[in-house]
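Letter by letter, the chains look like this.
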Amino acid sequence: MAIGLATSVAFLTGLAGGALFATVFVYDAMFRNPPMPTGSARAKAAAVVWHAFLLITVAAAVG
């Protein structure tokens, strides 16, 4: 968001880029280095659905 406000990059493009950048850290924290033992299949499915929703939303905002 800050890049979109501070530079000539469009606000929505900066916001979408920031969301994608943050998703990398969320993925790392949830799946590669989780804070506790592996969760249930239901929790993993919820995470997959959330990220699919995020990617569709970003694609709609950029496109």
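Look up a bit, the structure's there.
Below, the structure is looked at part by part. Residue numbers run consecutively from 1 along every chain, following the written order of its sequence. Under the rules for a predicted model, residues below a pLDDT of 70 receive no local features and side-chain atom pairs below 80 are neither given nor counted, while totals for whole chains, interfaces and linings still include all residues. Each side-chain value is derived from all of the structure's non-hydrogen atoms; neither hydrogens nor water enter the calculation.

### What to know about the packing of aromatic side chains
Between two aromatic rings, the relevant description is the distance of the centres plus the angle of the planes. Any two rings among Phe, Tyr and Trp, with Trp reduced to its six-membered ring, count as a pair given centres within 6.5 Å; such a pair is stacked if its planes are under 30 degrees apart, edge-to-face if over 60, and tilted if neither. Applying the stated criterion to the full structure yields 3 aromatic pairs. With a centroid separation of 5.5 Å and 40° between ring planes, the pair formed by Y27 and F31 is classed as tilted. In this pair, Y27 and F31 both sit in helix α2 (residues 11-32), 4 residues apart, roughly one turn of the helix. Exposure is judged per residue with a 1.4 Å probe applied to protein chains only, and the accessible area is read against the type maximum: over 50% gives exposed, under 20% gives buried, and values in between give partly exposed. Its relative accessible area of 44% is what places Y27 among the partly exposed residues. The helix and strand labels rest on DSSP assignments: H or I over at least four residues marks a helix, E over at least two residues marks a strand, and numbering proceeds from the N terminus.

### A look at the packing of α2 against helix α3 (residues 41-62)
Axis lines are fitted through C-alpha atoms, for helices just across the contact stretch, and the angle between N-to-C directions can take any value from 0 to 180 degrees. Where α2 contacts α3, the two axes come as close as 10 Å, and the packing angle between them is 165°. Here α2 is positioned roughly antiparallel relative to α3, judged by the angle of their axes. Handedness of the α2/α3 crossing: left-handed. Across the interface between the two elements, L12, A16, A19, L20, T23, V26, M30 and F31 from α2 touch K44, A47, H51, L54, L55, V58, A61 and V62 from α3. For this classification, the nonpolar set comprises Ala, Val, Leu, Ile, Met, Phe, Trp, Tyr, Cys and Pro, the charged set comprises Asp, Glu, Lys and Arg, and every other residue, Gly included, is treated as polar. Residue composition of the contact of α2 with α3, by class: 13 nonpolar, 2 polar and 1 charged. Should an angle fall under 35 degrees it is taken as roughly parallel, and over 145 as roughly antiparallel, whereas 65 to 115 is taken as roughly perpendicular and any remaining angle as oblique. Definitions for this section: a left-handed crossing has its near helix turned counterclockwise from the far helix by less than a right angle. A right-handed crossing has that turn clockwise. Only heavy atoms matter for contacts: two residues are in contact if any of them lie within 4.5 Å across the pair.

### Regarding the pattern of salt bridges
Here, a salt bridge means any side-chain nitrogen of Lys or Arg that lies within 4 Å of a carboxyl oxygen of Asp or Glu. Tallying each qualifying case throughout the model produces 1 salt bridge. Two residues, D28 and R32, come together in a salt bridge whose shortest N-O distance is 3.5 Å. Of this pair, D28 and R32 both sit in helix α2, 4 residues apart, which is roughly one turn of that helix. The class of D28 is partly exposed, set by a relative accessible area of 27%. The class for R32 is exposed, based on a relative accessible area of 59%.

### Description of the environment of G17
With respect to the helices and strands, the residue G17 is situated in helix α2. Under the relative-accessibility criterion, G17 is labelled partly exposed at 36%. Separated by 30 residues in the primary sequence, G17 and A47 place their C-alpha atoms 20 Å from one another.

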